[in-house]
Amino acid sequence: MLLPVFTLKLRHKINPRMVAVGRYDGIHPCLAAATQAGKVFIHNPHKRTQPVSASRVWQSPLESDVSLLNINQAVSCLTAGVLNPELGYDTLLVGTQTNLLAYDVYNNSDLFYREVADGANAIVLGTLGDISSPLAIIGGNCALQGFDYKGNDLFWTVTGDNVQSLALCDFDGDGKKELLVGSEDFDIRVFKEDEIVAEMTEIEKITSLCPMYGSRFGYALSNGTVGVYDKTSRYWRIKSKNHAVSIHAFDLNSDGVCELITGWSNGKVDARSDRTGEVIFKDNFPSAVAAVVEGDYRMDGRTQLICCSVDGEIRGYLPGTAEMRGNLMDTSVEQDLIRELSQKKQNLLLELRNYEENAKADSSSPLSEADGHRGIIPANTKLHTALSVNLGSEVQAAHTELCISTSNDTIIRAVLIFAEGIFLGESHVVHPSIHNLSSSIRIPVSPPKDVPVDLHLKVFVGYRSSTQFHVFELTRQLPRFSTYALTSPDAASEPLSYVNFVIAERAQRVVMWLSQNFLLPEDINIQNAPFQVCFTSLRNGGQLYIKIRLNGEITINTDDIDLAGDVIQSMASYFAIEDLQVEANFPIYFEELRKVLVKVDEYHSVHQKLSADMADNSNLIRSLLVRAEDARLMRDMKTMKRRYMELYDVNKDLLNEYKIRCNNHTELLGNLKAVNQAIQRAGRLRVGKPKNQVITACRDAIRSNNINTLFRIMRVGTASS
Ligand code: CA
Ligand code: CA
């Protein structure tokens, strides 16, 4: 049994996911963690810290080996590592909703303190792509920003939604690191510097990401799922009713390969095989786990896995020794295994008995009612599946449906569907009542997003009187745009918004793309170019026109800018288009964006005015306090009382103004997010270089407050005419 090699109990609470081990003097590993009331504590077990009188750090009154760093604001992320290689020691980085602090703990001084308008929800430190200096990369409101040690932002781009998690990993194996970004829109995006090279859609918010080795990485979702990806494909995942707070890759059984270590909200820590997800070690804390990190905390040249609980308990584990042969848990594991295997044996014996009885009955063929009873179906029974759009009726709204039917008089007793993100709990059981059993069944499916989804089906087929059923297992893929019904064009409802571009593809290939990504009726007969098709969204009734002219020019009309982006990205990957410039016009959306930009301006100026007012009031408070104290010293109680009454009023005003300032800031953040989203959407309408150019040019236009240029870039893809 693997036991901790050290246990500490610190008298400070630890914020979940905000722990880092760093050598802030270049030698001694220290643990830094965000704690309550906007503070960061640094635990240095190696020597007594000198009492310091400087601005940010002071000695903890609770423990001699802990110093405290005042951030004066709720900390939202924290990390440590080499930011300036010339220093020879690690930098501590602390992010809040408005600022990023790079702190030199050793010299007790700021490397930089930057305002970050989009907030810092997540942080990662390291090298990205070809950018030579290490970057502290933060993810906030739809934005990613990377700073070097001088505080210059050498990296900036936008992403689909609020960032929740970041990791650096050599995803494509070229020796340089890509940035993995997990966000609230359930997507994991892979950035090769500022270019998105892969996108994986999950079914919940991605709360943590960690590099494992090579192109393999671990992930955790807000619904209690943890798992491992290799490039774009998922190796395994498990789901718990607890929340996975922190994940970390560490080789705990000394076999040369990292396990995925997960710290859970119920205090459990487990280590799972990177290949199978099998638990090879577990331990329990009395309170929720806050973070899992690693470091040579005893300074003996061996790295420990370090787990921290929210109550300040720290345990360090050394990897298993050779004698343990990878057996990190006590014998109960073997007992568990024996129990599990004997259960399997029971099930197999039961199955065998069924087969034997069926075989006995089979010898008395031809097929009789009795055979049906036992679930024997004709050997040539086939199962057909078809996906289609049902245009609905007076009593039923239009919907996408899956039709399953058998090829003879057998009936479908039940259907089990496993599909991610479509059904609550990922699975769905259809179980017709005994009076409605038939040889075919129609199941409505409504995917909430335009992503292809695999439907894994188990279909129970037999006869009405059967007690046992034959199970067909098969997989059907729901195409990406399966919730769009082909409808007849109606010029009056044609959307005004459009994108326009030219691709060098024959019309037939475009038709192939259409039939692979939409559910077209079987009798459709699309002629050569020019042609147009019109779809209606089953979700909101919005129209989508796709028109192809003789010269290969394609126009897509839709008022949904995200849908236009999805269609373009789908075509780009189908036709392997590397670069695509697109002309775009979304008058309604652009008008809304214009209003948002005006609001951003307003909130900025309100912010400045409020800050000035607060500074005035603070000065007033200081002088009132001095005058009140003067009155007290002169025993002029009447004046003192009046001063304190005034002080009370000014203080009340100050508190009110603070509330207003908070609300103003929240509004500002919401609007800045909308602006970042708009830039990201404008980018998604293009592919390759034109896409990156649009994102960079939009940002420059916003920085120089050039709104007309911004809209020009969004429309034609470039600032120059
Ligand atoms: Ca790479
Ligand atoms: Ca291992």
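Quick note: structure is the one above.
What comes next is a walk through the structure. Along each chain, numbering runs from 1 in the same order as the chain's sequence is written. Starting at A for chains and at 1 for ligands, labels are handed out in the order in which the entities are written. Restriction of local features to residues with pLDDT of at least 70 applies here, the model being predicted, together with a cutoff of 80 or more for giving and counting side-chain atom pairs; totals for whole chains, interfaces and linings are based on all residues. Processing note: side-chain calculations cover all non-hydrogen atoms of the structure and skip hydrogens and water entirely.

### Examining the sheet that holds strand S28 (residues 304-309)
Paired through their backbone hydrogen bonds, the strands of a sheet run either parallel or antiparallel. Rules: Paired strands are those between which DSSP finds at least two bridges. Strands are runs of DSSP state E lasting at least two residues, helices are runs of H or I lasting at least four, and both sets are numbered from the N terminus onward. Here an axis means a line fitted to C-alpha atoms, over the contact stretch when the element is a helix, while the angle between two N-to-C directions is reported on a 0 to 180 degree scale.
The sheet built from four strands is open, its strands ordered S1-S29-S28-S27 with antiparallel pairing. Looking at the sheet topology across the chains shown, the edges are occupied by strand S1 (6-9) and strand S27 (289-295). Strand-to-strand twist in this sheet, taken as the mean axis angle between neighbours without regard to direction, amounts to 15 degrees. Of the pairings in the sheet, the one linking S1 to strand S29 (residues 313-317) comprises four bridges and is antiparallel in character. Note that in S29 the partner of Phe6 across the bridge is Gly316.

### Remarks on the coordination of the calcium ion (ligand 2)
Put simply, the rule reads: Only nitrogen, oxygen and sulfur atoms qualify as donors, and only when within 2.8 Å of the metal (3.2 Å in the case of Na, K and Ca); with water excluded, sites may look incomplete. Geometry assignment treats four donors as tetrahedral when all angles are between 85 and 135 degrees, treats four as square planar and six as octahedral when opposite donors are over 155 degrees apart and all others between 65 and 115, and treats everything else as irregular.
Protein coordination at the calcium ion (ligand 2): the donors are Asp251 (OD), Asn253 (OD1), Asp255 (OD), Val257 (O), Glu259 (OE) and Glu259 (OE), at 2.0 to 2.8 Å from the metal. For the calcium ion (ligand 2), the six donor atoms in the first shell make angles of 51 to 171 degrees at the metal, a pattern classed as irregular.

### Describing the environment of Glu629
Test applied: Think of it in three bands: with a 1.4 Å probe and only protein chains considered, a residue is buried below 20% of the maximum accessible area for its type, exposed above 50%, and partly exposed in between.
Mapped onto the elements, Glu629 comes out in helix H5 (residues 587-633). Its relative accessible area of 27% is what places Glu629 among the partly exposed residues. C-alpha of Glu629 to C-alpha of Lys345: the two residues are 284 residues apart in sequence and 85 Å apart in space.

### Examining the environment of Val499
Convention followed: Every residue pair with non-hydrogen atoms within 4.5 Å of one another is taken to be in contact.
The topology assignment puts Val499 in strand S38 (residues 498-502). A sequence separation of 339 residues divides Val499 from Gly160, and the C-alpha atoms of the two residues are 20 Å apart. When residues no more than four places from it in sequence are discounted, the contact partners of Val499 are Ile554, Thr555, Ile556, Ala564, Ile568, Val582, Glu583, Ala584, Phe586 and Leu685.

### Quick notes on the nonpolar core
Stated precisely, the cut-off is as follows: Think of a nonpolar core as a cluster: buried Ala, Val, Leu, Ile, Met, Phe, Trp, Tyr and Cys residues, connected wherever their side-chain atoms sit within 4.5 Å.
Counting 59 residues, the largest nonpolar core has Val499, Phe501, Phe518 and Ile546 as its most contacted members. The residues touching Phe501, leaving out its near neighbours within four places in the chain, are Gly552, Glu553, Ile554, Ile556, Ile568, Met571, Leu580, Gln581 and Val582. Leu402, Ile417, Val430 and Ile443 belong to the second-largest nonpolar core, a separate cluster that totals 26 residues.

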